[in-house]
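# Architecture at a glance
The primary structure of each chain is shown beneath.
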Amino acid sequence: MLRASAGGDEGLVIAGSLTWNSGAIHGFRETEKSRWSEASRAILQRVQAAAFSPGQTLLSPVHVLDLEPRGYIKPHVDSIKFCGATIAGLSLLSPSVMRLVHTQEPGEWLELLLEPGSLYVLRGSARYDFSHEILRDEESFFGARRVPRGRRISVICRSLPEGMGPEEPGQPPPAC
Ligand SMILES: O=C(O)CCC(=O)C(=O)O
(Lines give C-alpha, C1' and ligand atoms only; values in the text may rest on other atoms or scores of the structure.)
Protein backbone atom coordinates (compact mmCIF):
# COMPACT_ATOMS: atom_id res chain seq x y z
CA MET A 1 0.00 0.00 0.00
CA LEU A 2 1.45 3.35 -1.04
CA ARG A 3 0.40 6.24 1.14
CA ALA A 4 1.31 9.90 1.31
CA SER A 5 -0.85 12.72 2.43
CA ALA A 6 -1.18 16.41 1.74
CA GLY A 7 -3.56 18.34 3.93
CA GLY A 8 -3.99 15.62 6.53
CA ASP A 9 -7.34 13.93 6.68
CA GLU A 10 -8.99 16.44 4.36
CA GLY A 11 -6.56 16.17 1.45
CA LEU A 12 -6.83 14.09 -1.67
CA VAL A 13 -3.54 12.50 -1.88
CA ILE A 14 -1.54 9.91 -3.63
CA ALA A 15 -0.54 8.84 -7.08
CA GLY A 16 -0.35 5.24 -6.00
CA SER A 17 -2.88 2.61 -5.22
CA LEU A 18 -4.63 1.19 -2.23
CA THR A 19 -4.35 -2.52 -1.77
CA TRP A 20 -7.64 -3.82 -3.16
CA ASN A 21 -7.25 -2.63 -6.72
CA SER A 22 -3.53 -2.35 -7.15
CA GLY A 23 -2.56 -1.69 -10.77
CA ALA A 24 -6.11 -1.45 -12.10
CA ILE A 25 -6.49 2.32 -11.94
CA HIS A 26 -4.73 4.81 -14.19
CA GLY A 27 -4.56 8.60 -13.88
CA PHE A 28 -5.86 9.09 -10.41
CA ARG A 29 -5.43 10.30 -6.88
CA GLU A 30 -7.12 8.65 -3.94
CA THR A 31 -7.53 8.77 -0.25
CA GLU A 32 -9.32 7.02 2.56
CA LYS A 33 -11.46 9.40 4.53
CA SER A 34 -12.96 8.83 7.94
CA ARG A 35 -14.08 12.30 8.99
CA TRP A 36 -16.87 14.09 7.14
CA SER A 37 -18.90 17.26 7.50
CA GLU A 38 -22.44 16.86 8.84
CA ALA A 39 -23.87 17.43 5.35
CA SER A 40 -21.61 14.80 3.79
CA ARG A 41 -22.32 12.43 6.62
CA ALA A 42 -26.05 12.70 5.97
CA ILE A 43 -25.44 11.76 2.32
CA LEU A 44 -23.27 8.82 3.34
CA GLN A 45 -26.00 7.62 5.67
CA ARG A 46 -28.45 7.65 2.74
CA VAL A 47 -25.95 5.70 0.63
CA GLN A 48 -25.47 3.18 3.39
CA ALA A 49 -29.20 2.78 4.01
CA ALA A 50 -29.83 2.23 0.30
CA ALA A 51 -26.96 -0.15 -0.39
CA PHE A 52 -26.26 -2.20 2.73
CA SER A 53 -28.39 -4.39 4.92
CA PRO A 54 -28.51 -3.58 8.64
CA GLY A 55 -26.41 -6.65 9.46
CA GLN A 56 -23.50 -5.60 7.29
CA THR A 57 -20.47 -3.91 8.78
CA LEU A 58 -18.81 -1.28 6.65
CA LEU A 59 -15.16 -0.84 6.03
CA SER A 60 -14.09 2.40 7.58
CA PRO A 61 -12.71 4.74 6.29
CA VAL A 62 -14.47 5.46 3.01
CA HIS A 63 -12.48 5.29 -0.24
CA VAL A 64 -12.44 8.46 -2.36
CA LEU A 65 -11.08 8.18 -5.89
CA ASP A 66 -10.31 11.18 -8.10
CA LEU A 67 -9.92 10.14 -11.77
CA GLU A 68 -8.48 12.69 -14.16
CA PRO A 69 -10.25 13.16 -17.53
CA ARG A 70 -7.86 10.69 -19.19
CA GLY A 71 -7.95 8.33 -16.20
CA TYR A 72 -9.66 4.96 -16.32
CA ILE A 73 -10.10 1.73 -14.36
CA LYS A 74 -9.18 -1.60 -15.93
CA PRO A 75 -11.41 -4.66 -15.44
CA HIS A 76 -11.00 -6.19 -12.01
CA VAL A 77 -12.88 -7.96 -9.26
CA ASP A 78 -12.17 -6.46 -5.84
CA SER A 79 -10.14 -8.85 -3.72
CA ILE A 80 -12.15 -10.78 -1.15
CA LYS A 81 -9.24 -10.22 1.21
CA PHE A 82 -10.00 -6.51 1.40
CA CYS A 83 -13.66 -6.16 0.50
CA GLY A 84 -16.86 -7.94 1.52
CA ALA A 85 -20.10 -8.73 -0.29
CA THR A 86 -21.18 -5.18 -1.23
CA ILE A 87 -19.53 -2.27 -3.03
CA ALA A 88 -21.48 0.98 -3.37
CA GLY A 89 -20.15 3.92 -5.36
CA LEU A 90 -21.41 7.47 -5.57
CA SER A 91 -20.26 9.16 -8.80
CA LEU A 92 -19.58 12.90 -8.88
CA LEU A 93 -18.61 15.53 -11.46
CA SER A 94 -18.23 13.79 -14.85
CA PRO A 95 -20.54 11.09 -16.20
CA SER A 96 -18.81 7.83 -17.02
CA VAL A 97 -19.57 4.33 -18.22
CA MET A 98 -19.00 1.28 -16.02
CA ARG A 99 -18.78 -2.04 -17.85
CA LEU A 100 -19.40 -5.36 -16.12
CA VAL A 101 -18.12 -8.52 -17.83
CA HIS A 102 -18.70 -12.06 -16.60
CA THR A 103 -15.34 -13.53 -15.67
CA GLN A 104 -16.22 -17.00 -17.04
CA GLU A 105 -18.49 -15.96 -19.94
CA PRO A 106 -16.98 -12.85 -21.51
CA GLY A 107 -19.93 -12.64 -23.94
CA GLU A 108 -22.12 -11.81 -20.97
CA TRP A 109 -21.71 -8.14 -20.17
CA LEU A 110 -23.59 -4.96 -19.43
CA GLU A 111 -22.84 -1.30 -19.13
CA LEU A 112 -24.05 1.26 -16.63
CA LEU A 113 -24.27 4.98 -17.32
CA LEU A 114 -23.01 6.62 -14.14
CA GLU A 115 -24.43 10.13 -14.10
CA PRO A 116 -23.09 12.59 -11.53
CA GLY A 117 -24.99 12.03 -8.31
CA SER A 118 -25.90 8.44 -9.18
CA LEU A 119 -25.27 5.47 -6.94
CA TYR A 120 -24.34 1.99 -8.14
CA VAL A 121 -24.36 -1.09 -5.93
CA LEU A 122 -22.40 -4.25 -6.73
CA ARG A 123 -23.53 -7.28 -4.75
CA GLY A 124 -24.21 -10.96 -5.38
CA SER A 125 -23.23 -12.09 -8.85
CA ALA A 126 -22.34 -8.54 -9.94
CA ARG A 127 -19.82 -8.36 -7.11
CA TYR A 128 -18.21 -11.78 -7.46
CA ASP A 129 -18.82 -13.11 -11.00
CA PHE A 130 -18.35 -9.95 -13.05
CA SER A 131 -15.34 -7.70 -13.41
CA HIS A 132 -16.02 -3.97 -13.35
CA GLU A 133 -14.21 -1.17 -15.11
CA ILE A 134 -14.59 2.53 -15.91
CA LEU A 135 -14.06 3.18 -19.61
CA ARG A 136 -11.39 5.56 -20.81
CA ASP A 137 -12.51 8.66 -22.68
CA GLU A 138 -11.87 7.25 -26.18
CA GLU A 139 -14.09 4.23 -25.44
CA SER A 140 -16.67 6.05 -23.38
CA PHE A 141 -19.98 5.23 -25.11
CA PHE A 142 -23.28 4.11 -23.64
CA GLY A 143 -24.83 2.30 -26.58
CA ALA A 144 -24.57 4.82 -29.41
CA ARG A 145 -24.34 7.74 -27.02
CA ARG A 146 -20.94 9.31 -26.57
CA VAL A 147 -20.20 10.02 -22.89
CA PRO A 148 -17.26 12.44 -22.83
CA ARG A 149 -15.15 11.98 -19.74
CA GLY A 150 -14.04 14.82 -17.50
CA ARG A 151 -12.65 14.67 -14.01
CA ARG A 152 -14.64 12.13 -12.01
CA ILE A 153 -14.71 11.65 -8.26
CA SER A 154 -16.19 8.54 -6.71
CA VAL A 155 -16.96 7.89 -3.07
CA ILE A 156 -16.91 4.15 -2.49
CA CYS A 157 -18.32 2.31 0.52
CA ARG A 158 -17.52 -1.36 1.02
CA SER A 159 -18.62 -3.97 3.47
CA LEU A 160 -15.99 -5.68 5.55
CA PRO A 161 -14.64 -8.98 4.24
CA GLU A 162 -16.44 -11.90 5.80
CA GLY A 163 -14.77 -13.09 8.96
CA MET A 164 -13.14 -9.77 9.71
CA GLY A 165 -14.03 -8.24 13.05
CA PRO A 166 -16.14 -5.10 12.97
CA GLU A 167 -14.34 -1.86 13.72
CA GLU A 168 -17.42 0.11 14.67
CA PRO A 169 -20.43 -2.06 13.88
CA GLY A 170 -23.32 -0.23 12.27
CA GLN A 171 -21.77 3.17 12.78
CA PRO A 172 -21.57 5.70 9.96
CA PRO A 173 -18.30 7.63 9.63
CA PRO A 174 -17.89 10.29 12.33
CA ALA A 175 -18.49 13.93 11.52
CA CYS A 176 -15.61 16.40 11.33
O1 LIG B 1 -14.63 4.63 -9.12
C2 LIG B 1 -15.46 3.73 -9.03
O3 LIG B 1 -16.66 3.94 -8.93
C4 LIG B 1 -15.01 2.29 -9.07
C5 LIG B 1 -13.81 2.06 -8.22
C6 LIG B 1 -13.32 0.67 -8.31
O7 LIG B 1 -13.46 0.00 -9.28
C8 LIG B 1 -12.64 0.10 -7.19
O9 LIG B 1 -12.19 0.86 -6.32
O10 LIG B 1 -12.53 -1.13 -7.13
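In this report, we go over the structure that sits alongside the text. (Residues numbered from 1 in each chain as written. Predicted model: local features only at pLDDT ≥ 70, side-chain atom pairs only at ≥ 80, totals over all residues. Heavy atoms only, no water.)

### Some points on empty space enclosed by the protein
Quick note on the threshold: Only protein atoms enter the calculation, which uses a 1 Å grid: trapped sets of points that fit a 1.4 Å probe without letting it out are cavities, open sets showing protein on both sides within 12 Å along at least five of seven lines are pockets, and any residue with an atom within 4 Å of a point is a lining residue. Grid points are joined across faces, edges and corners, and a volume is the space filled by probe spheres set on the points. Counting from the N terminus, the helices are DSSP H or I runs at least four residues long and the strands are E runs at least two residues long. Under this grouping Gly is polar, as are all residues other than the nonpolar Ala, Val, Leu, Ile, Met, Phe, Trp, Tyr, Cys and Pro and the charged Asp, Glu, Lys and Arg.
All told, the structure shown has 1 cavity of 30 Å³ or more when counted by the stated rule. Considered as a void within the structure, the largest cavity measures approximately 130 Å³ in volume. Lining the largest cavity are 17 residues; nearest its centre among them are Ile 73, His 76, Tyr 120, His 132 and Ile 156. Broken down by secondary-structure element, the contributors of at least two residues to the lining of the largest cavity are β2 (62-76), β7 (130-134) and β10 (152-158). Residue classes in the lining of the largest cavity are distributed as 8 nonpolar, 5 polar and 4 charged.

### Thoughts on the site of the ligand
Rules: Note on terminology: near, applied to a residue and a molecule or strand, indicates that one of the residue's heavy atoms is within 4 Å of it. Polar contacts, as used here, are pairs of N or O atoms within 3.5 Å; protein pairs need one atom able to donate a hydrogen and one able to accept it. Residues neighboring in sequence count only if both atoms are side-chain atoms. In these tables, accessible area is a Shrake-Rupley quantity obtained with a 1.4 Å probe, and a residue counts as shielded only by the protein chains included in the view. More than half of a molecule's atoms lying within 2 Å of a cavity's or pocket's grid points is what places that molecule inside it.
In the vicinity of the ligand, 12 residues are found, and the nearest of them are His 76, Tyr 120, Arg 152, Ser 154 and Arg 158. Contact between the ligand and His 76: an oxygen atom at 2.8 Å from a side-chain N or O atom of the residue. Burial of the ligand by the protein chains amounts to 99% of its free accessible area of 290 Å². Mapping the ligand onto the cavity grids shows that it belongs to the largest cavity. Among the elements of the structure, β2 and β10 are those that each provide at least two residues to the shell around the ligand. Of the residues contributing to the shell around the ligand, the split by class is 4 nonpolar, 5 polar and 3 charged.

### A closer look at the pattern of salt bridges
Inclusion rule: Think of a salt bridge as a Lys or Arg side-chain nitrogen and an Asp or Glu carboxyl oxygen that are within 4 Å of each other. Only protein chains enter the accessibility calculation, which uses a 1.4 Å probe; a residue whose area is less than 20% of its type maximum is buried, one above 50% is exposed, and one in between is partly exposed.
Scanning the model with the defined rule gives 7 salt bridges in all. We note a salt bridge from Asp 66 to Arg 29, for which the minimum N-O separation is 2.9 Å. Placement of the pair is Asp 66 in strand β2 and Arg 29 in strand β1 (residues 25-33), with a sequence separation of 37 residues. As a salt-bridge pair, Arg 145 and Glu 115 come within 3.6 Å of each other at their nearest N and O atoms. Taken together, the residues span a long stretch of sequence, with Arg 145 in strand β9 (residues 145-146) and Glu 115 in the loop between β5 (109-114) and β6 (119-123) at a distance of 30 residues. The partly exposed category is assigned to Arg 145, whose relative accessible area is 43%.

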